[in-house]
Amino acid sequence: IPLAPHLMFPQYMDDNDSDERGLALFMDIVLMGKCQELWVLGDEITEGMQVEIETAKRRRQPIRYFNDNHEEVHPV
């Protein structure tokens with residue numbers, strides 16, 4: 001089941017409130033623990049995405065990257 005926390009959590013949490021943003025990121029990391037792999041979508045890596053990527057690397061979860069044209073790419 002694809003999960004997109006950045007679409008789900010802002011529905012009831014304030015991304016501009018640092019406490020709520022931190023809590024949302026924590027919940028995101030917990031959800032990632034249930035995932036088989038991480039997909040990174042788009043050409044821009046945000047601060048939150050970087051946290052997810054580093055977490056997935058530490059957990060040795062597979063990471064797949066896709067550009068803005070939805071083509072799978074392999075980072076250098």
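Owing to the predicted nature of the structure, the values given are computational and were not obtained by experimental measurement. (Residues numbered from 1 in each chain as written. Predicted model: local features only at pLDDT ≥ 70, side-chain atom pairs only at ≥ 80, totals over all residues. Heavy atoms only, no water.)

1. So, the packing of aromatic side chains
As a reminder, the rule being used: Each Phe, Tyr or Trp ring, with Trp reduced to its six-membered ring, pairs with another whose centre is within 6.5 Å; inter-plane angles below 30 degrees give stacked pairs, above 60 give edge-to-face pairs, and intermediate values give tilted ones. Between buried and exposed lies partly exposed: a residue is buried under 20% and exposed over 50% of the maximum accessible area for its type, with that area taken using a 1.4 Å probe on protein chains only. Secondary structure is summarised from DSSP: a helix means a run of H or I of at least four residues, a strand means a run of E of at least two, and numbering begins at the N terminus for each.
For the coordinates displayed, the defined rule picks out 2 aromatic pairs. Ring centres of F9 and Y12 lie 6.1 Å apart, and the angle between their planes is 85°; on these two criteria the pair is classed as edge-to-face. Taking the relative accessible area as the measure of exposure, Y12 reaches 53% and is therefore exposed. Relative to F66, the ring of W39 lies with its centre 4.7 Å away and its plane at 35°, an arrangement referred to as tilted. Taken together, the residues W39 in strand 1 (residues 38-41) and F66 in strand 2 (residues 63-66) connect sequence positions 27 residues apart.

2. A closer look at the environment of P62
Residue position: P62 is located in the loop between helix 3 (47-59) and strand 2. Classification of P62 by relative accessible area gives partly exposed; the value is 42%. Measuring from C-alpha to C-alpha, the distance between P62 and S18 comes to 29 Å, with 44 residues separating the pair along the chain.

3. Concerning helix 2 (residues 18-32)
So the rule is basically this: One less than the residue count of a helix, multiplied by 1.5 Å, gives the span that helix is expected to have. Note that the arc is defined by the directions from the helix axis to the C-beta atoms. Every residue pair with non-hydrogen atoms within 4.5 Å of one another is taken to be in contact. In protein, a polar contact requires one atom able to donate a hydrogen and another able to accept it; more generally it is a pair of N or O atoms within 3.5 Å, and residues adjacent in sequence count only if both atoms are side-chain atoms.
The terminal C-alpha atoms of helix 2 lie 21 Å apart, and with 15 residues this matches the ideal 21 Å at 1.5 Å per residue to within 8%. Buried within helix 2 we find A24, D28, I29 and M32. Projected down its long axis, helix 2 carries its buried residues within an arc of 140°, all on one side. Turned more than 90 degrees away from the buried face of helix 2, the exposed residues are D19 and F26. Check the buried side of helix 2 and you find it contacts helix 1 (5-8), strand 1 and helix 3. In this structure D17 caps helix 2, since a side-chain oxygen of it lies 2.9 Å from the backbone nitrogen of D19.

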